[in-house]
Number of protein chains: 2
Amino acid sequence: MKNHLKVLRAENNWTQAELANQLRVSRQTVNALETGKFDPSLKLAFQIARLFRLGIEEVFQDEKP
Amino acid sequence: MKNHLKVLRAENNWTQAELANQLRVSRQTVNALETGKFDPSLKLAFQIARLFRLGIEEVFQDEKP
DNA sequence: TTATGAAGTCAAGTATACTTGACTAAATAT
DNA sequence: ATATTTAGTCAAGTATACTTGACTTCATAA
């Protein structure tokens, strides 16, 4: 699963900690998502898409569908 | 998180086992999703949306956004 | 009536998402 | 030169997604 989180965050000039606060997850979770350690839950994916006012498919893309 | 899985499956006249096979998950997982026991992973949500040729937001809806 | 298929559920186990706390390294500010 | 901020990472723990195997109940078929 690919995501554009790092780019979207950069566009908003947010630190990982600031993004984490808005999503109500830990800074380490944001870092792990950006560095591809794991994929978010569906719930968190919804929150992220909502925050950036995008569709889930715009933020996340299935690599091997 | 709400989902329309049961309706979508019914529209296709599939059993839970048949749907599970296509999604490559267990029958119990499909049942648990339909009966609201838990939400799918983002990966599985993508697979489900893909199978029914819908967007993720059309199949799943965040209850308390 | 008996058998079979489908849905629902439970227990116990494994895998993955997410947490807290701590530490390093690099960049930036003082 | 020193202090602070940010990103990245690790370990250990908790929460949730998903598995297998078994069992019950209901509906329909033989």
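Residues numbered from 1 in each chain as written. Chains lettered and ligands numbered in written order. Predicted model: local features only at pLDDT ≥ 70, side-chain atom pairs only at ≥ 80, totals over all residues. Heavy atoms only, no water.

Accessible area lost during the coming together of the parts is what is often quoted as the interface size. Between chain B and chain A, the contact holds 14 residues from the first and 14 residues from the second. Buried surface at the junction of chain B and chain A, both sides included, amounts to about 1,300 Å², of which 72% is carbon and sulfur. The largest per-residue losses of area from chain B upon contact with chain A belong to Leu42(B), Phe46(B) and Glu57(B), which jointly make up 45% of the total buried on that side. Linking chain B to chain A there are 0 salt bridges. On the surface where chain B and chain A come into contact, there are 2 residue pairs in polar contact (both at pLDDT 80 or more). Contributing elements (two or more residues each) for the side of chain B that touches chain A: helix H4 (42–51), helix H5 (56–59) and strand E2 (60–61) of chain B. Taken together, the residues of the side of chain B that touches chain A break down into 8 nonpolar, 2 polar and 4 charged. (Contact = heavy atoms within 4.5 Å. Buried area = accessible area lost by both parts, 1.4 Å probe. Salt bridge = Lys/Arg side-chain N within 4 Å of Asp/Glu carboxyl O. Polar contact = N/O pair within 3.5 Å; in protein donor to acceptor, adjacent residues only side chain to side chain. Helix = DSSP H or I, 4+ residues; strand = E, 2+ residues; numbered from the N terminus. Nonpolar A, V, L, I, M, F, W, Y, C, P; charged D, E, K, R; others polar.)

Residues and elements named next belong to chain A. A complete count under the given rule lists 2 salt bridges over all chains for this structure. Linking glutamate 34 and arginine 9 is a salt bridge whose minimum nitrogen-to-oxygen distance equals 2.5 Å. Separated by 25 residues along the polypeptide, glutamate 34 in helix H3 (residues 27–34) and arginine 9 in helix H1 (residues 5–11) bring together distant segments of the chain.

The next point concerns the protein's contact with DNA strand C. Taken together, 20 residues surround DNA strand C, and among them Thr29(A), Phe38(A), Ser41(A), Arg9(B) and Gln16(B) come closest. Within 4 Å of the protein, atoms of DNA strand C come from sugar and phosphate in 64% of cases. Within the backbone of Asp39(A), an N or O atom sits 3.3 Å from a sugar or linking oxygen of DNA strand C. Lys37(B) places a side-chain nitrogen or oxygen 2.9 Å from a phosphate oxygen of DNA strand C. Of all the secondary-structure elements, those providing two or more residues to the surface near DNA strand C are H3 of chain A together with helix H1 (5–11) and helix H3 (27–34) of chain B. The class makeup of the residues in the surface near DNA strand C is 4 nonpolar, 9 polar and 7 charged. (Near = heavy atom within 4 Å.)

Quick look at the relation of the copies chain B and chain A now. Each copy superposes on the other: chain B lies on chain A with an RMSD of 0.0 Å after a rotation of 180° and an axial shift of 0.0 Å. What the superposition gives is, in effect, a two-fold axis relating one chain to the other. Using C-alpha coordinates, one finds that chain B approaches the rotation axis most closely at Leu42(B), a distance of 2.3 Å. The fraction of interface residues of chain B whose copies in chain A are also interface residues reaches 100%, indicating that both copies meet through the same surface. (Least-squares fit on C-alpha atoms with pLDDT ≥ 70 in both.)

Moving on, we come to the protein's contact with DNA strand D. Surveying the vicinity of DNA strand D reveals 21 residues, the closest of which are Arg9(A), Gln16(A), Thr29(B), Phe38(B) and Ser41(B). The sugar and phosphate moieties of DNA strand D supply 63% of its atoms located within 4 Å of the protein. Arg9(A) is positioned with one of its side-chain polar atoms (N or O) 2.7 Å from a phosphate oxygen of DNA strand D. The side chain of Thr29(B) places a nitrogen or oxygen atom 2.2 Å from a phosphate oxygen of DNA strand D. Of all the elements in the fold, those that place two or more residues in the surface near DNA strand D are H1 and H3 of chain A together with H3 of chain B. Taken together, the residues of the surface near DNA strand D break down into 4 nonpolar, 9 polar and 8 charged.

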